[in-house]
Structure formats: C-alpha cells, structure tokens
Amino acid sequence: MKVLVTGGAGYIGSHTCIELIKNGYEIVVVDNFVNSHPKAVERVKKITGVDFPFYDMDLLDAPALDNVCKAHKIDCIVHFAGLKAVGESVAKPLEYYENNLCSTMNLLKTMADYDIRHMVFSSSATVYSGDNPMPLTEDSNRGCINPYGWTKYMCEQIISDWVAAKENASAVLLRYFNPIGAHESGLIGDDPAGIPNNLLPYITQAAAGKLPELPVTGADYDTPDGTGIRDYLHVTDLAAGHVAAIKFAEKNKNAHAFNLGTGKGVSVFEMIHAFEKVNGVKVPYRVVDRRPGDQPVSFADPSKATKLLNWQTEKSLEEALGDMWRWQTNNPNGYTG
Ligand code: NAD
Ligand code: UD1
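It should be emphasised that the depicted structure is a prediction, and the values quoted were computed from it without experimental measurement.

> Just give me the short version of the overall build of the protein, but keep the residues and values in it.
Broken down by element type, the protein carries eleven helices and 13 strands. Against the 2.2 N^0.38 benchmark of 20 Å for 337 residues, the protein shows a C-alpha radius of gyration of 19 Å, consistent with a compact globule. Projecting the C-alpha coordinates of the protein onto the three principal axes gives extents of approximately 55 × 45 × 40 Å. Partitioning the contacts of the protein with sequence separation of at least 6, the portion at a separation of at least 24 is 79%. Carbon and sulfur atoms make up 50% of the accessible area of the protein, which amounts to about 14,500 Å² in all.

As structure tokens, this is what we get:
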C-alpha cells in the first residue's frame, strides 16, 4: 500500500514516516520546508535504511500535486502539512486560512481525480471549546478561539462533507493532545523556529541554557498546584496511531474522529520536576501571568481509539523526557547546527 505523507519533514510527520516504513507501507513524501528542514528527511532515510521519493513542493501548487499523484499510484494520504503557530495565526489569519484550507481542498480534489479513497488528517484537541467537563470525548462541545483552531475545525468539516459525498471514501480525523519526546536515536525531534510556543521545547532549551528561564504562564489556576494541566503523549505513540488509523480507514466508510492522548493530565510544575529528575539537570523557571486563551485543564478520554483503532499509548512520560533531552543535547541548534 502506498501512502502520500504531506508535511513529512515536520515533527510528527517525520516520526510517522518511520512507523509507516516499519509497518511495511511504501511512502511518498511532500513538504515545502516552510517549518522544517531537509535534514529531517535524510535522517528518516538513515534511521530506516529505506530510500523513498521526496518532493519539495507547496500543496497550494495544484499542478505539482497532480504530477506527484500521476507518478505514483497513491492509496491513502496522511495529511500533516499545515501552519500551526497559534499567535502567528492571530496576526496573519488569511495566511493560515489559505495555507491550511486550500492545501486540504487541493488534496481532496486530487483524491477525486486519482481515485484515492482514504485520508488521515492531523486535527487537534484545540477544536474543543473551553466549556467542557474533563476528560474530553469526541462528542465534547467544539468551538475555537483563534484562526489556527478554526482551520482545524473547518478542515474537519470539509473533509467530512467530501467523504460523505463520495462512495467508498473514508477519513480519520485524529485529534492530537500534546505530542512530546523524540525518536530514541536522537536523530529527529521537534525543531521549532525561534522561541518555542509549547512547553516541552521551552523546558529543554531553558535546561540547555539556550533560553534564560521558562516562563510558567500561570500558577493561580484552580488546579492542585495552580499550574495548567495537559495530556502529553510520546510522538512515537502518536505516530503509531496513524498506522492504526489507516487500517481503520480501509475498513470503515465515512469520516471518524478520534482523540489521541494518554488520558492522564500532568501539570507544568510536575513536568518541570519530572524533567529534572529524569535528566539530572535544572530547569530555571519563573512564574508569569497567564497566557491569554489558555484552558486550566485539558486531557483526553482516549477510549474510542483504544476500542476501535486498537491503539493506546505505550511509552512513559519519563521515556519521552529522556528522548527529548537526547535530541536537544545531540542537536543543540536543531537541524541547522
Ligand atoms: P510541523 O510544522 O513540524 O510540520 C508541518 C509540516 O508541514 C512542516 O514540515 C511544513 O514545512 C509543512 N507544510 C506546511 N504548509 C505546507 C504546504 N502548504 N505545502 C507543503 N508543506 C507544508 O508541525 P507538527 O508539529 O509536525 O504538526 C503536524 C500537524 O499536526 C499540523 O497540521 C499541526 O497543526 C497538527 N498538530 C500538531 C500538534 C503539535 O503539538 N505539534 C498538535 C495538534 C495538531
Ligand atoms: C498549544 C496550542 C494549541 C495546540 C496544542 C498542542 C497555544 C495557545 N495553544 O496548547 O493550539 O493544539 O499546543 O500542540 O499555543 N506553558 C508554560 N510556559 C510556556 C508555554 C506553555 O507554562 O512557555 C504552559 C501552558 O500554560 C499550558 C502548558 O504549559 O498549561 C502546555 O502549553 P502548550 O505546550 O503550549 O500546549 P497547549 O496549551 O495545550
């Protein structure tokens, strides 16, 4: 089976390429490196020992996408490509809507042209509104507070409508919680451009002395230690979820949403202490004001994925934090060092 991986040079995409190859899939990868580096692709080839076709290509370029699908008989698309920085999406909403929605629509049109029947889409827990009891199920209320979130919400709708209109088509909408960690080789990992937005890359860079200290954005929430609680899963477990999703899409028509998370919440302070313990390093931090728009608590009910995808997380928080630190120390400047 041949899988087109869009955004395969990115953080989650590169880890998923490895899982796909390990599970016997042939892959074709496209990425325009707007938020990634060619070295990620080289390293996936090095880790797997498998060469695969790669196209440096923008998904907004419909003729180029057409050429890729003409050259390869694709059976399924795993669609990671997208812009993902929440703050940037507020400043540049049209760029986000254009990139994330138009690339998805180009892919769906190409799927129709080449009779590609299955798509696995990178959605996010960000599609859930802030008024839900925890844990979040796939039926929890949805609603977003920034353009990035709305692009995920709208793509889910567009893909679902397209699948409903097409006989034999199916889609799996994977709502990721908070991916962390890196491949155990230390060769690939999260390489955010500039100052990280997410907690874990910030912790590793503060521990490495690249950033002076971690700003803990709020310690006055109504949580046991006052800091925000999230559901952090190892990126390799998340990658394995895509293999399970492809198998499900092959057997089930229509569009189906799944939460991918551990089901457990971890606070910012718990994360700092766990990181220090696992890696034997100090994480300098300072409590600052809350980040606008942040929820106090967010964690998944992943039971639908366990039941229907036969998927659950396997790696511990400690493994993720060790892998993250290995990636940071082996690659102090990410892929550009
Ligand atoms: P990433 O930025 O590392 O990877 C996305 C890749 O898509 C990048 O390599 C980028 O260059 C590429 N890309 C973007 N627009 C493109 C275009 N028009 N044409 C071709 N390539 C393009 O991000 P990631 O963390 O690996 O996330 C993958 C997907 O999962 C994204 O859609 C993201 O929104 C979603 N997601 C991520 C998280 C997270 O915490 N990392 C959480 C929930 C959902
Ligand atoms: C972020 C994104 C969200 C995306 C999710 C998964 C924002 C506003 N939201 O949410 O759209 O779906 O990642 O990738 O960016 N924290 C600190 N200091 C920091 C950074 C974060 O204390 O420098 C805290 C936050 O307040 C939060 C926790 O750490 O309690 C996790 O933050 P983060 O990694 O940004 O994830 P999300 O808030 O879930």
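This is not the end of the story, as more comes after the structure.
> Summarise the site of ligand 2; cite the residues concerned and give the values.
In the region of ligand 2, 20 residues are neighbours, and Pro-215, Thr-217, Arg-230, Arg-291 and Asp-294 sit closest. The separation between an oxygen atom of ligand 2 and a polar main-chain atom of Leu-199 is 2.8 Å. Within the backbone of Pro-215, a nitrogen or oxygen atom sits 2.6 Å from a nitrogen atom of ligand 2. Mapped by element, the contributors of at least two residues to the shell around ligand 2 are α7 (199-207) and β8 (214-217). For the shell around ligand 2, the class distribution of residues is ten nonpolar, seven polar and three charged.

> Give me the lowdown on the site of ligand 1, citing residues and values where you can.
Near ligand 1 there are 26 residues, and of these Asp-31, Asn-35, Ser-36, Lys-84 and Tyr-148 occur at the shortest range. Asn-32 has a polar side-chain atom sitting 3.1 Å from a nitrogen atom of ligand 1. Note that an oxygen atom of ligand 1 is positioned 3.1 Å from one of the backbone N or O atoms of Val-34. Coverage of ligand 1 by the protein chains reaches 95% of its 810 Å² of free accessible surface. If you list the elements that add at least two residues to the shell around ligand 1, you get α1 (11-22), β5 (118-124) and α6 (147-165).

> I'd like a description of the sheet that holds strand β11 (residues 254-260), backed by residues and values.
Taken in spatial order, the seven strands line up as β3-β2-β1-β4-β5-β6-β11 in an open sheet, and their pairing is parallel. Whereas interior strands pair on both sides, the edge strands pair on one side only; in this sheet they are β3 (54-56) and β11. Averaged over all pairs of adjacent strands, the angle between strand axes in this sheet comes to 15°, irrespective of strand direction. The pairing of strand β1 (residues 2-6) with strand β2 (residues 26-31) spans five bridges and is parallel.

> Quick rundown of the packing of helix α9 (residues 268-279) against helix α11 (residues 317-330)? Include the residues and the values.
Orientation of α9 relative to α11, taken along the N-to-C sense of each, is 65°, at an axis distance of 9 Å. As judged from the angle between their axes, α9 and α11 are roughly perpendicular. Seen from above, α9 lies across α11 with right-handed handedness. Seen from α9, the contacting residues are Met-271, Ala-274, Phe-275, Val-278 and Asn-279; seen from α11, they are Leu-317, Glu-318, Leu-321, Gly-322 and Trp-325. Along the lines of polarity and charge, the residues of the contact of α9 with α11 split into seven nonpolar, two polar and one charged.

> Hey, could you go over the pattern of salt bridges for me, with residue numbers and the actual values?
In this structure the tally under the stated criterion is 15 salt bridges. In this structure, Arg-291 and Asp-294 form a salt bridge, with 3.1 Å as the shortest nitrogen-oxygen distance. Note on Asp-294: relative accessible area 21%, which makes it partly exposed. Put simply, Asp-115, Arg-117 and Lys-166 are held in one network by salt bridges that share partners.

Parameters at a glance
- Residues numbered from 1 in each chain as written.
- Chains lettered and ligands numbered in written order.
- Predicted model: local features only at pLDDT ≥ 70, side-chain atom pairs only at ≥ 80, totals over all residues.
- Heavy atoms only, no water.
- Helix = DSSP H or I, 4+ residues; strand = E, 2+ residues; numbered from the N terminus.
- Rg over C-alpha atoms; globule rule 2.2 N^0.38 Å.
- Contact = heavy atoms within 4.5 Å.
- Areas by Shrake-Rupley, 256 points an atom, 1.4 Å probe, with all protein chains shown as cover.
- Near = heavy atom within 4 Å.
- Polar contact = N/O pair within 3.5 Å; in protein donor to acceptor, adjacent residues only side chain to side chain.
- Nonpolar A, V, L, I, M, F, W, Y, C, P; charged D, E, K, R; others polar.
- Pairing = 2+ DSSP bridges.
- Axes fitted to C-alpha atoms, helices over the stretch in contact; angles between N-to-C directions.
- Parallel < 35°, antiparallel > 145°, perpendicular 65-115°, else oblique.
- Left-handed = near helix turned anticlockwise from the far one by under 90°.
- Salt bridge = Lys/Arg side-chain N within 4 Å of Asp/Glu carboxyl O.
- Buried < 20%, exposed > 50% of the residue type's maximum accessible area, 1.4 Å probe, protein only.

Limitation: the analysis is restricted to geometry and does not speak to function.
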